[in-house]
Structures are given as C-alpha cells and as structure tokens.
Amino acid sequence: DRIVVRVAEARHVPQVADIVRRMLERRHNGVVDYEITVPELLLKQEQRTKTIFNVVLGAIASISLIVGGIGIMNIMLASILERIREIGVRRAMGATQRDILAQFLAEAVLISVAGGIAGILVGGGLSLGIERFAGIRTLVSSFSVIVAFGVSLTVGLVFGIVPAWRAAKQDPVVCLRYE
C-alpha cells in the first residue's frame, strides 16, 4: 500500500515525482486512486506557515509598541502638567531649555527601559514555562534580548520627544504663575 522512493540529490525530487506520477497514471489506466507525497512540498508549506505566523506576531508586536509609546507619551504629558511650577522654578534658577528637554527625555527613557526589562523578564519566564509545562523547546537568544531592549529604549526616545519639547518650550514666567 506504499512505495517509498529515495532520491540521491534533492534537486531531482520534483522530476522524479513527475516521472512516478506518470508511471502510476499509465499503470492505473488514468484512474487516480493513489497519492504522491513529496516531502519538499510539505517543507515549503511548513515554511510558508511559519512565515505567516511571524508576520502576524510582528504585526501584534508593532501594535503593542505603538500602544506602549502612546502610554509613555500620555504619562509624560500628565507629568508635565503636574510639574509646571517646577519647570518655571528650574528655568528661573538658570536651567536652559536643553536641561529641561534632557530631564523629561531621561524620564521617558527610564519608563521605557523599566518596561523593557519587565517585558524581557516576563518573556523569559513564559518561555521557560512553555518549555517546562508544554514540552515545547523554546530558544531565547541574547541577540533577541538585546534587540528587544534596544527597541524599548527607542520607543521611549521617540514617544518622549514631543512631551519633553513641550516642557522645554514653556515660558518660565507663565509657569511660575500657573496654579
């Protein structure tokens, strides 16, 4: 009920499969009551499925990064509104716009770095949990951890620029009068 054909070189597999298909077609008088399975096709299908899975995961990660960035921006904008008098006092004491910009950018980056570290720890923990309880081997490379941390840092910088710029552009006199 089964015939296994081995081919010496993988590049000849499609041609051999075509020859076997034609031979079986002649032997069975045109009736297709057989199935030819070529592992190469299964491997290509598996690769296609993995590619689709990676694209979907990438899209989910992108959406998560945007949402996280918007969250950082909102936190920073609220922080600026709460600390307008502090900005005015610092500017009145001689702080430059660059100092204020650096302060709020550093805060945004610190928030995103804390989130990145938490994400790396949770991801590593989930990976270990999946490996231990589901029996699926997982791999967490140091490169992926470094990239994740770098992306977290970049999100903090990118989404912290607007609030930091707004804080730096505040008029010191208006800030001191603000209640």
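The sections below set out a description of the structure shown in this document.

Let's talk about the overall build of the protein
Within the protein, the secondary structure is distributed over six helices and zero strands. Secondary structure elements of the protein occur, N-terminal to C-terminal, as α-α-α-α-α-α. Expected size for 179 residues packed as a compact globule is a radius of gyration near 16 Å; at 30 Å, the protein overshoots this value by more than 25%. Principal-axis analysis of the C-alpha atoms gives the protein an extent of 95 × 35 × 25 Å. Here the protein holds 179 residues, and the buried ones make up 20% of them. A separation threshold of at least 6 residues defines the contact pool for the protein, and within that pool the share at least 24 residues apart is 72%.

Some words on the packing of helix α2 (residues 39-82) against helix α5 (residues 142-168)
Here α2 crosses α5 at 35°, and the two axes come no closer than 9 Å. Helix-helix and strand crossings are classified by hand; for α2 and α5 the assignment is right-handed. Contacts between α2 and α5 involve Leu65, Ile66, Gly69, Ile70, Ile72, Met73, Met76, Leu77 and Ile80 from the former and Val151, Val155, Gly156, Phe159, Val162, Pro163, Ala164, Arg166 and Ala167 from the latter. Looking at side-chain class alone, the contact of α2 with α5 contains 15 nonpolar, two polar and one charged residues.

Some points on the environment of Arg6
Position of Arg6 relative to the elements: it lies in the segment before α1 (13-27). Separated by 147 residues in the primary sequence, Arg6 and Leu153 place their C-alpha atoms 52 Å from one another.

Quick word on the nonpolar core
Nonpolar side chains tend to gather and get buried jointly when the protein is soluble and globular. In this structure, Ile72, Met76, Ile80, Ile87, Ile100, Phe104 and Ala167 are the most contacted members of the largest nonpolar core, which totals 16 residues. Listing elements by their share of this core, those giving two or more residues are α2, α3 (84-92), α4 (97-134) and α5. When residues of this core are assigned to their parent elements, the largest contribution, five residues, is made by α5.

Structural notes on α5
Compared with the 39 Å implied by 1.5 Å per residue over 27 residues, the 37 Å span of α5 between its first and last C-alpha is a close match. Along α5, the sharpest kink reaches roughly 40°, centred on Ile161 and followed within four residues by the proline Pro163. The set of residues buried in α5 consists of Ser152, Val155, Gly156, Phe159, Gly160, Pro163, Ala164, Ala167 and Ala168.

Side note on α1
Between its terminal C-alpha atoms α1 stretches 21 Å, which fits the 21 Å expected from 15 residues at 1.5 Å a residue. Asn29 lies just past α1 and shows a positive phi near 55°.

Comments concerning unusual backbone geometry
Unlike most non-glycine residues, Asn29 shows phi in positive territory, near 55°. Within the secondary structure, Asn29 is located in the loop between α1 and α2.

A look at a nonpolar patch on the surface
A cluster of nonpolar side chains, namely Ile52, Phe53, Val56, Leu57 and Ile60, defines an oily patch on the protein surface of about 480 Å² accessible area. Tracing the chain through its elements places Val56 in helix α2. Of the residues examined, Val56 reaches a relative accessible area of 43% and is grouped as partly exposed.

Let's talk about the pattern of salt bridges
Counted according to the given criterion, the structure contains three salt bridges. A salt bridge links Asp18 to Arg22; the shortest N-O distance between them is 3.3 Å. Of this pair, Asp18 and Arg22 are both found in helix α1, four residues apart, which corresponds to roughly one turn of the helix. In this structure, Glu86 engages Arg83 in a salt bridge whose closest nitrogen and oxygen atoms are separated by 3.0 Å.

Quick notes on the rules
Residues numbered from 1 in each chain as written. Predicted model: local features only at pLDDT ≥ 70, side-chain atom pairs only at ≥ 80, totals over all residues. Heavy atoms only, no water. Helix = DSSP H or I, 4+ residues; strand = E, 2+ residues; numbered from the N terminus. Rg over C-alpha atoms; globule rule 2.2 N^0.38 Å. Buried < 20%, exposed > 50% of the residue type's maximum accessible area, 1.4 Å probe, protein only. Contact = heavy atoms within 4.5 Å. Axes fitted to C-alpha atoms, helices over the stretch in contact; angles between N-to-C directions. Left-handed = near helix turned anticlockwise from the far one by under 90°. Nonpolar A, V, L, I, M, F, W, Y, C, P; charged D, E, K, R; others polar. Core = buried A, V, L, I, M, F, W, Y, C linked by side-chain atoms within 4.5 Å. Expected span 1.5 Å × (residues − 1). Bend = angle between axes of the 7 residues up to and from the residue. Patch = residues over 30% accessible without salt bridge, like charges linked within 9 Å, V, L, I, M, F, W, Y side chains within 5 Å. Areas by Shrake-Rupley, 256 points an atom, 1.4 Å probe, with all protein chains shown as cover. Salt bridge = Lys/Arg side-chain N within 4 Å of Asp/Glu carboxyl O.

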